[in-house]
Amino acid sequence: MFESLSDRLGKIFDGLRGRGALNAADVDAAMREIRRALIEADVSLEVVRAFVEQVRERAVGAEVTRSVTPGQQVVKIVNDELVAMLGGEGADATGGEAVPLQLDVRPPAVIMMVGLQGSGKTTSTAKIAQLLRTKQGKKVMMASLDVNRPAAQEQLKVLGEQAQVATLPIIVGQQPVDIARRALESAKLQAVDVLMLDTAGRLHVDEALMAEMKAVASVSTPHEVLLVVDALTGQDAVNVAQSFSGEVPLTGVVLTRMDGDARGGAALSMRAVTGKPIKFAGTGEKLDAIEPFHPGRVAGRILGMGDVVSLVERA
């Protein structure tokens, strides 16, 4: 996904790394290029502005360690800021590690999945359920609250069978809030660790969608509300995230189709726009094609400069 951005940044850094000393003009020129590269990669404008400002501030005043060149130092600063942009404060505390789901609550821990229609919500629900079952040994149940889309409930049931995760039996005609109540009761009776609620999506953000989600949230009091966003939709994904974060108490983001060849700007903007961590990245069609989102690794992949960053860290 980040190939062209990687190439652009790589060229900028190659120009800097040969220099013995950097002055403010060198840094400004590099920042202009970085800004252009990020905008072309579809990163939201406010995010680019803040990012470039942070890097410039640190780079111009960077007291360069004797054993590294200023150019290498800038690479390290850009890397740190990329990690912070992708993972926020948590990244600094955890070295750019993934932010885990908050499941250490009195069971069942309720995870509510929200997002627009076609963003990969139902598949992501099954993927995370399978991940929790296989990697963390959790007893998981899934329930589809999508009564609008034909066969949505049936789709989750089929995915549940593939993932070997129980799904709430379908009662035709039952409304989302009642399904959520029944799911909660059922999960308690069956001593389920994690209950996953797959809510309905719409083609765009509207009042009916928000009202339904708020009603479901008030009945189920979820511990995690995960917004599922298609990374390929670029700036549109950022707008959707903004709309949702204003209405529902989001706790994290799931980015689907991170294996695509888009410009990746949505991934870079998401944390800054919602203020919430990206918790998972979907990397393909199969049920096991999902992984915890590690800001440090993604920044490393974008810069492709792991050796330089570790060199500066050692110095």
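Being a predicted model, the structure only gives us computed values, none of them experimental. (Residues numbered from 1 in each chain as written. Predicted model: local features only at pLDDT ≥ 70, side-chain atom pairs only at ≥ 80, totals over all residues. Heavy atoms only, no water.)

J.: Explanation requested: the pattern of salt bridges in the structure shown.
T.: Between side chains of opposite charge, pairing is possible as soon as their charged atoms come close. Evaluation of the coordinates by the stated rule reveals 16 salt bridges. The shortest N-O distance in the salt bridge between Glu53 and Arg56 comes to 3.4 Å. Of this pair, Glu53 and Arg56 both sit in helix 3 (residues 45-60), separated by three residues, roughly a single helical turn. Judged by its relative accessible area of 26%, Arg56 is partly exposed. A cluster of three or more residues bridged by salt bridges with shared partners is formed by Arg8, Glu33, Arg36 and Glu40. (Salt bridge = Lys/Arg side-chain N within 4 Å of Asp/Glu carboxyl O. Helix = DSSP H or I, 4+ residues; strand = E, 2+ residues; numbered from the N terminus. Buried < 20%, exposed > 50% of the residue type's maximum accessible area, 1.4 Å probe, protein only.)

J.: Would you mind showing me how to read the nonpolar core here?
T.: General note: in soluble globular proteins, nonpolar side chains tend to be found buried as a group. Core analysis: the biggest nonpolar cluster contains 73 residues, and Phe244 and Leu268 have the highest contact counts within it. Here this core takes eight residues from helix 4 (residues 70-94), the largest share from any one element. One finds Ala126, Val194, Phe280 and Leu287 within the second-largest nonpolar core, a separate group that totals 24 residues. (Core = buried A, V, L, I, M, F, W, Y, C linked by side-chain atoms within 4.5 Å.)

J.: Would you mind going over helix 11 (residues 295-303) with me for this structure?
T.: An α-helical turn contains 3.6 residues, so a residue and the one three or four places further along point in the same direction. Along helix 11, the residues that are buried comprise Pro295, Val298, Ala299, Ile302 and Leu303. Considered in projection along helix 11, the buried side chains sweep an arc of 130 degrees and stay on one side of the axis. Residues Arg297 and Arg301 are exposed on helix 11 and point more than 90 degrees away from its buried face. Count one or two residues on from helix 11 and you reach Gly304, which has phi positive near 55 degrees. (Arc of directions from axis to C-beta.)

J.: I tried to follow the layout of surface pockets on my own but got confused; where do I start?
T.: Over the atoms rolls a probe the size of a water molecule, and its path tells where empty space is left. Considered as a void within the structure, the largest pocket measures approximately 250 Å³ in volume. Considering the residues around the largest pocket, the lining is formed by 14 residues, among which Lys127, Thr256, Arg257, Gly284 and Glu285 are closest to the centre. In terms of residue count, the dominant contributor to the lining of the largest pocket is helix 5 (residues 121-136) (three residues). Residues that form the lining of the largest pocket fall into these classes: no nonpolar, nine polar and five charged. (1 Å grid on protein atoms, 1.4 Å probe; cavity = no way out; pocket = protein on both sides within 12 Å on 5 of 7 lines; lining within 4 Å. Points joined across faces, edges and corners; volume = space filled by probe spheres on them. Nonpolar A, V, L, I, M, F, W, Y, C, P; charged D, E, K, R; others polar.)

J.: What's the story with the side chain of Thr125 in this structure? I'm lost.
T.: Among the structural elements, Thr125 can be located in helix 5. A polar contact of 2.8 Å, which involves the side chain of Thr125, links it to the backbone oxygen of Lys121. With sequence-adjacent residues up to four places away left out, Thr125 is seen in contact with Met113, Met142, Leu156, Met196 and Asp198. (Polar contact = N/O pair within 3.5 Å; in protein donor to acceptor, adjacent residues only side chain to side chain. Contact = heavy atoms within 4.5 Å.)

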